[in-house]
Amino acid sequence: MAAPMSADRFINALRNEGLTVVEVGAWRTHNRNHKGPWGPVHGVMIHHTVTRGTPYTVELCRNGYSELPGPLCHGVIAKDGRVHLVGYGRANHAGAGDSDVLAAVIAEKRLPPDNETDTDGNRHFYGFECENLGDGADPWPAVQLDAIARASAAICRFHRWTERSVIGHREWQPGKVDPRGFTMDAMRARIGERLK
């Protein structure tokens with residue numbers, strides 16, 4: 001079990017991993033903590049946004065929409081590799097997922113198939129939304145893939161987790177397809193290389 005790091009430690013961990021960080025408004029206190037606890041944290045979840053254009057994407061992920069209020073993640077990883085921090089604390093990004101997957105993340109073992117939605121993921125995962133249309137055709141620039149690996153590694157390094165603590169939304173919740181356009185096994189391999 002791990003308590004979430006403080007907002008200051010979070011931003012410092014990202015910067016220490018070589019990332020360019022953009023602070024959006026009062027991100028340190030923008031959260032959904034009134035809806036339930038955040039923590040203990042056990043991993044990092046990667047998403048794609050199904051959006052085009054960084055300003056619109058950042059605004060959407062900060063504010064959300066009528067059916068799903070923001071923040072929709074902790075950081076938005078743009079196509080240029082910059083990480084825009086939009087919230088900190090409980091965020092509406094993971095939703096309900098599979099308790100067997102969470103157990104595997106905690107044990108840092110191979111993930112089982114996700115076939116249940118019996119566990120609150122917003123409580124247990126840091127979340128990054130990555131700017132991409134999610135159609136399998138929209139490219140993932142090398143700088144963006146590198147930033148996803150760096151951001152994930154920054155959190156894993158702080159908590160002394162391995163790359164097995166990083167999952168895609170599609171590995172957590174049945175019916176989800178994100179992130180689409182790269183494999184999480186390949187991304188975990190990149191993160192593992194950074195953590196060596």
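Here's what I pulled together on the structure shown here. (Residues numbered from 1 in each chain as written. Predicted model: local features only at pLDDT ≥ 70, side-chain atom pairs only at ≥ 80, totals over all residues. Heavy atoms only, no water.)

Observations regarding the overall build of the chain
Scanning the chain for helices and strands turns up 5 helices and 10 strands. Taking 16 Å as the expected radius of gyration for a compact globule of 196 residues, we find that the chain reaches 15 Å, a close match to that expectation. Based on the C-alpha atoms only, the size of the chain along its principal axes is roughly 35 × 35 × 35 Å. A buried classification covers 55% of the 196 residues belonging to the chain. Of the contacts made within the chain by residues no fewer than 6 positions apart, 72% connect residues no fewer than 24 positions apart. (Helix = DSSP H or I, 4+ residues; strand = E, 2+ residues; numbered from the N terminus. Rg over C-alpha atoms; globule rule 2.2 N^0.38 Å. Buried < 20%, exposed > 50% of the residue type's maximum accessible area, 1.4 Å probe, protein only. Contact = heavy atoms within 4.5 Å.)

Here's the deal with the environment of His 47
Secondary-structure assignment places His 47 in strand 2 (residues 43–48). As a C-alpha pair, His 47 and Arg 190 span 143 residues in sequence and 17 Å in three-dimensional space. Contacts of His 47, omitting those with residues within four sequence positions, involve His 93, Ala 94, Phe 128, Glu 129, Cys 130, His 169, Asp 178 and Pro 179.

Some words on the nonpolar core
Phe 10, Leu 14, Ile 46, Tyr 126, Phe 128 and Ile 148 are the most contacted members of the largest nonpolar core, which totals 37 residues. Broken down by secondary-structure element, the contributors of at least two residues to this core are helix 1 (7–16), strand 2, strand 6 (83–85), strand 9 (125–130), helix 4 (142–159) and helix 5 (184–195). Considering every element that reaches this core, the biggest residue donor is helix 4, with 9 residues. Counting residues in hydrophobic clusters, the runner-up holds 8 residues, among them Met 45, Ala 94, Leu 102 and Val 105. (Core = buried A, V, L, I, M, F, W, Y, C linked by side-chain atoms within 4.5 Å.)

A closer look at the pairing of strand 2
Along any regular strand, the residues point their side chains to alternate faces of the sheet. Among the 6 residues of strand 2, 6 are classified as buried, and the element is accordingly described as predominantly covered. With 3 bridges joining them, strand 2 and strand 10 (residues 166–168) adopt parallel strand pairing. Bridge assignment links Met 45 to a residue of strand 10, and that residue is Ile 167. (Pairing = 2+ DSSP bridges.)

These results come straight from atomic positions and should not be treated as a statement about function.
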